[in-house]
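The primary structure of each chain is shown beneath.
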Amino acid sequence: MSSGLKKGIYFSEYYTFSLICSSFEDDDQPQIGKKGYSRVVYCNDPDNPEALQLNYSTNYVSTTKYTPANFIPKSLFEQFRRVANIYFLVVACVSFTPLAPYQAGSVVLPLVLVIGVSMAKEAVEDLRRRKQDREANNREVQVYREDRTFKKTAWKNLRVGDLVMVEKDEFFPADLLLLSSSHGDGICYVETMNLDGETNLKVKQCLEATKAVRDEFWKFKAIVKCEDPNENLYSFIGRLYYDGRQYPLSPQHILLRDSKLRNTEYIYGVVIFSDHDTKVMQNTIDPPSKRSKVERKMDNIVYFLFSVLVLISSVGSVFFGVQTKNDTSGGRYKRWYLRPDSTTVFFDPKRASLATVFQFLTGLMLYGYLIPISLYVSIEVVKILQIIFINHDRDMYHEETHKLACARTSNLNEDLGQVGTILSDKTGTLTCNSMEFLKCSIAGTAYGRGMTEVEKDITRRQKAGTPEFEALFDIEEHTGNIMNSIKGFNFRDERIMEGKWIKEIRADIIEKFLCVLAICHTAIPVSGGISYEAESPDEAAFVIAAREFGFEFYERTQTTIKLHELDRKTGEKVDRAYKLLHVLEFSSSRKRMSVIVKNEQNQLLLFSKGADSVMFERLSKDGQIFAVETKDHISKYAAAGLRTLVIAYRELGEEEYRIWEEEFLKAKTSLSGVHDELVYAAVDKIERDLILLGATAVEDKLQKGVPQCIEKLSQAGVKIWVLTGDKMETAVNIGYACNLLREGMRQIVITLDKPEVIAIEKGGDKEAIAKASLESVRKQILEGKSQVTSSRQSGVSSAFIIDGKSLTFALTGNLESLFMELAIDCASVICCRSSPIQKAIVTRFVKRATGKTTLAIGDGANDVGMLQEADIGVGISGVEGMQAAMASDFAIAQFRFLERLLLVHGHWCYRRIAMMICYFFYKEIVFGLTLFWFEAHASFSGQPAYNDWYMSVYNVFFTSLPVIAFGIFEQDVSASLCLKHPMLYQEGLKNMLFSWTSILGWMFNGVISSVIIFFLITSSVLHQAFRRDGKVAGYEVLGVTLYTSIVWTVNCQMALVINYFTWIQHLFIWGSIIYWYIFLVSYGLFPPTISTTAYQVFVEACALSPLYWLTTFCVVIFALVPYFSFKAFQFRFFPIYHNKIQIERLER
């Protein structure tokens, strides 16, 4: 639509409710100037000395976690919140004392490396947030400057008091006071999807005193005194002091940051709140800290291993103390070669107790390799790379919106494989939130032959497989594809399409019906009626439908609405103009909308549309001719999952209208405290004695693939709850359409629409109503539990359906446990008429009651509480804005992608992380316990079996890369098989790979391997000639042989675990082994003062000895036999889910 046309429209003269606000000067605002209401803004005068003293910040916004000044201390604090890191820090500090069994550098360097990598990861993530901030801060807006021109300025440079110009489809850079707009009456349309998720446009209007501020801006100077910054989006208290007068301000005058200007060419405004003072930033809270269940359990494993560490240190120190004390007996020295008569306090037989304590501390450091220092950083690296694969999965790419999946956190990857319950919103999540005009009822006749997803499902269940169904379905698909080319219109019925409605018996009623659709709205035509800008998708669908039926709305001016109409009598297109007198717009409390117009025959007409609950009671006695049929059609439409509105009209007499308008205008200009009540009462009088024309039915279609996705997730053992604000009938039928409810399920319905409760409600006694409602819900829950029990015995699954009123009482303390017991026992749950707070509360109760991982999925701002309360929040980046997606842990474009996210990526991530952690502890136990066995062999002297640097680089160089590659690339089965066999998901749901049985099994494997490695090597190497010259193996040779066998064993163990080999895994596994030999040779070349026991040990001793190579080979084979035997036995006789699939593939 042209700018000139918009300038000529003065909607404020017609809007009745959206623009209700106090506009009189004596409005009482006693809070101004007191605590909480002390903000002062100098409009268009930010350089005023008094304004400068207020020291308001600029509009620079930062959402980063760190700053250059606090990065090091704050990130170090984050790293040392982990108990393992604290332990290694203490060990590093103590390593500088004589108690340390190794050099300090060999401990400090790995710790610095691990902490440094983790801090670098934090820095990279924060830099990404800083980049997003930079993009927002560098957006441009036009600001009025001292040279009396508007200049483009970055958002970050805005100051409180600046006068700005915002143009159509731009976001507001700060919270602004609306001064004027391109509309002559100072109104503008605002889209608030980013704030509240609502797609309908909001109407804002400036003060009468400022709407003329369009030029000579240098003359405009004013002061605003208002409330201090706060998070309430829907309230604002302030006063404008301008031109010697004062005017009260309300939320109607404020434009909030991150909302968008729509249907308005431009507005002028003054910055009231900037940067973090804006209401949207005040509402920005740090998301709750979420840790995966695997990570929380990992902490318990660390505590367990620390207890083992303390235990073996205690055992070793006690044995050491006893032997040290016994070194002197009757004045004689048993171990005289140790010179106990000339030793330090650490080995003094006379102070054996003190030596025991010191030895205990030495043991804590020496056996500390039981605690994996590199585990946390390895998992972080793996998780980051996992989410890169998730983010680039082309099978989760939505072509229409050009959006891929987006993992917003790496903390919860493995939880995706353990989801027990999904709590889903309906509108925009299961459905498209894109309305299509599908059916209508006019003059008691139902029109529209299209089938909704619900109807298709009902037909499929009743006539599946029959020839008539297949034919019907093919026709529906073909015609549906043709009609879908018109967005918002999916209607087909040859009786009234293409102008054939003029031949219908009640063509006069059809004409009025279509006229109401074309006129009763606030839409604005764009490009001459080709498309429309409407306040809601429903409204746009009605205008488009009217156009397709021959009533094309093509122009709106200040006083008229113009249509290209199909004339009923001539069958020709004619242009008609309707004088627009009043718009009584829709509100949630009114549930209806009306317009008053005068046609070319000077008839005064009131056109109205609204919910059946309020419209039927407003019909005149003579206007209910088709009421019975229309109600029946509405019921059928609701059962088909359609959203309905009743269409009605009435003719007004000149005198009747004059009297009403006087009363109405008097109410609108009233200055009394009951201003709103007077306006509503006046409007209520005119919207009566209506004549019923019919009803509309629009469909919010199911998203593609939703039924199949839900069916697969149900087969995987995941329970699905739908929390929706829809009516029970609509929710139930949508449940059938999306396979949440299935044929043969027993439905347990809890509702307060019971005769006994309704009778008490009519009495009005709130206490009695609450008591009766509570008792009714209790009784129905107990009956439901007995029904579930009997159904389970007969092998029938149950579905639990409850309405919002009943849910309020079910969530009270007395009934909470009963409600959850019933809901958990059912296969599917639908909560109807649920408020956002109820969604969050239900999510919290489910999480607490089941003890399993919960996943919430939604697309609107009203779903944010539910998403943040759940263990995992998944946001749909749909048409309701991005607030849900921004508040989520994972964002996807369509509900159907949840199937792949959980069954493929969730399963893989769970398996990878669980096996990775178990393997980590296995290899640490193998290494750490060989130290313990050597200590026992050496009288617990504190002498380590290995060179200091061997121990330091064990986790860094020789065993870390294979396990990281496993965590990134491992696949027990392919993605297609994960989707084909959803029962595979049970491995994560039942936590089969990370149960204490599995964890202890891996630890036991580590113990067995350490015993085999140590005792076979000591038996083979120490008691015979090791070299050709007859020399036996010394301490340094024993250490190298032990270490070599461990490196081979743990890397070959990884090769046995892997199901899916890539060249990278081969490179890392065999490369780590080869690198050990390279390191051994290279390190041995350093002088003995540096390499100590490693000096030339491989080149001169080990490499030349056949015994070294033979022992290594045999020990590795024997160490791997227990695990190999166990897995072969399990695979053959007790296969788990992925084994069964592997067996099935092998047998083909």
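Right above here is the structure, for reference.
In what follows, the accompanying structure is described. If you're wondering where the values come from, they're calculated on a predicted model, not measured in any experiment.

1. A short note on the packing of aromatic side chains
In step 1: Taken as a whole and assessed by the stated rule, the structure comprises 55 aromatic pairs.
In step 2: When the centroid spacing of 6.1 Å and the interplanar angle of 35° are considered together, the rings of Tyr-657 and Trp-660 count as tilted. Of the two residues, Tyr-657 and Trp-660 both sit in helix α17 (residues 654-668), three residues apart, roughly one turn of that helix.
In step 3: Given a relative accessible area of 7%, Tyr-657 falls into the buried group.
In step 4: Through a chain of ring-to-ring contacts, three or more aromatic side chains come together here, namely Phe-927, Tyr-946, Tyr-950, Tyr-954, Phe-957, Phe-958, Tyr-1043, Tyr-1075, Trp-1076, Phe-1079, Tyr-1083 and Phe-1086.
In step 5: Directly above the ring of Tyr-397 sits Arg-394, whose terminal nitrogen or CZ lies 4.5 Å from the centroid.

2. Looking at the sheet that holds strand β1 (residues 39-43)
In step 1: Across the sheet, four strands lie side by side as β1-β8-β9-β10; this open sheet has antiparallel pairing. The open sheet has two edge strands with one neighbour each: β1 and β10 (245-249). Strand-to-strand twist in this sheet, taken as the mean axis angle between neighbours without regard to direction, amounts to 20°.
In step 2: Inspection of the sheet shows β1 paired to strand β8 (residues 222-226) by five bridges, in the antiparallel sense. Directly across from Tyr-42, in β8, lies its bridge partner Ile-223.

3. Description of the nonpolar core
In step 1: Within the largest apolar cluster, 110 residues are counted, with the highest numbers of intra-cluster contacts made by Tyr-946, Tyr-950, Tyr-1043 and Trp-1076.
In step 2: Among the elements that take part in this core, helix α28 (residues 897-937) stands out by supplying 19 residues, more than any other.
In step 3: Not counting the four nearest positions on each side in its chain, Tyr-1043 is found in contact with Phe-927, Tyr-946, Tyr-950, Met-951, Val-953, Tyr-954, Phe-958 and Trp-1076.
In step 4: Counting 77 residues, the second-largest nonpolar core is a separate cluster that includes Ala-540, Phe-542, Ile-561 and Leu-566.

4. Some details on the packing of helix α29 (residues 948-958) against helix α35 (residues 1063-1084)
In step 1: In contact at an axis separation of 11 Å, α29 and α35 are set at 150° when each is read in the N-to-C sense. Classified by chirality, the crossing of α35 by α29 is right-handed. Residue-level inspection shows Trp-949, Tyr-950, Val-953, Phe-957 and Phe-958 of α29 in contact with α35, the latter providing Ser-1072, Tyr-1075, Trp-1076, Phe-1079, Leu-1080 and Tyr-1083.
In step 2: Here the contact of α29 with α35 is composed, by residue class, of ten nonpolar, one polar and no charged.

5. As for the sheet that holds strand β7 (residues 202-205)
In step 1: Strand order in the open sheet made by the three strands is β7-β6-β12, with antiparallel pairing throughout. The open sheet has two edge strands with one neighbour each: β7 and β12 (260-262). Each strand axis lies, on average, 45° off the axis of its neighbour in the sheet, ignoring direction.
In step 2: Sheet topology note: the strand β6 (residues 187-191)/β7 ladder contains four bridges and is antiparallel. Following the sheet pairing, Ile-187 is matched in β7 by Gln-205.

Procedures and definitions
- Every chain begins its residue count from 1, and numbering advances along the sequence as written.
- In view of the model being predicted, local features appear only for residues whose pLDDT reaches at least 70, and side-chain atom pairs are presented and counted only at 80 or more, with totals across whole chains, interfaces and linings using the full set of residues.
- Hydrogens and water are ignored here; the side-chain numbers use all heavy atoms of the structure.
- Think of it this way: a Phe, Tyr or Trp ring, Trp meaning its six-membered ring, pairs with another when their centres are within 6.5 Å, and the plane angle makes it stacked under 30 degrees, edge-to-face over 60, tilted otherwise.
- Here a helix means four or more residues in a row that DSSP labels H or I, a strand means two or more in a row labelled E, and each is numbered from the N terminus.
- Whether a residue is buried, partly exposed or exposed follows from its accessible area with a 1.4 Å probe, protein chains only, as a fraction of its type maximum: under 20%, in between, or over 50%, in that order.
- Should the NZ of a Lys or the CZ of an Arg lie within 6 Å of a ring centre and within 35 degrees of the ring normal, that charge is described as sitting over the ring.
- Between any two strands, pairing holds if DSSP finds at least two bridges.
- Note on method: axes are straight lines fitted to C-alpha atoms, helices fitted across the in-contact stretch only, with angles between N-to-C directions ranging 0 to 180 degrees.
- By convention a nonpolar core is built from buried Ala, Val, Leu, Ile, Met, Phe, Trp, Tyr and Cys residues, the set being connected through side-chain atoms within 4.5 Å.
- Any two residues whose heavy atoms approach within 4.5 Å at even a single point are treated as in contact.
- By definition, turning the near helix anticlockwise from the far helix through less than a right angle yields a left-handed crossing, and turning it clockwise yields a right-handed one.
- Under the convention adopted here, Pro, Cys and the residues Ala, Val, Leu, Ile, Met, Phe, Trp and Tyr are nonpolar, Asp, Glu, Lys and Arg are charged, and Gly plus all remaining residues are polar.

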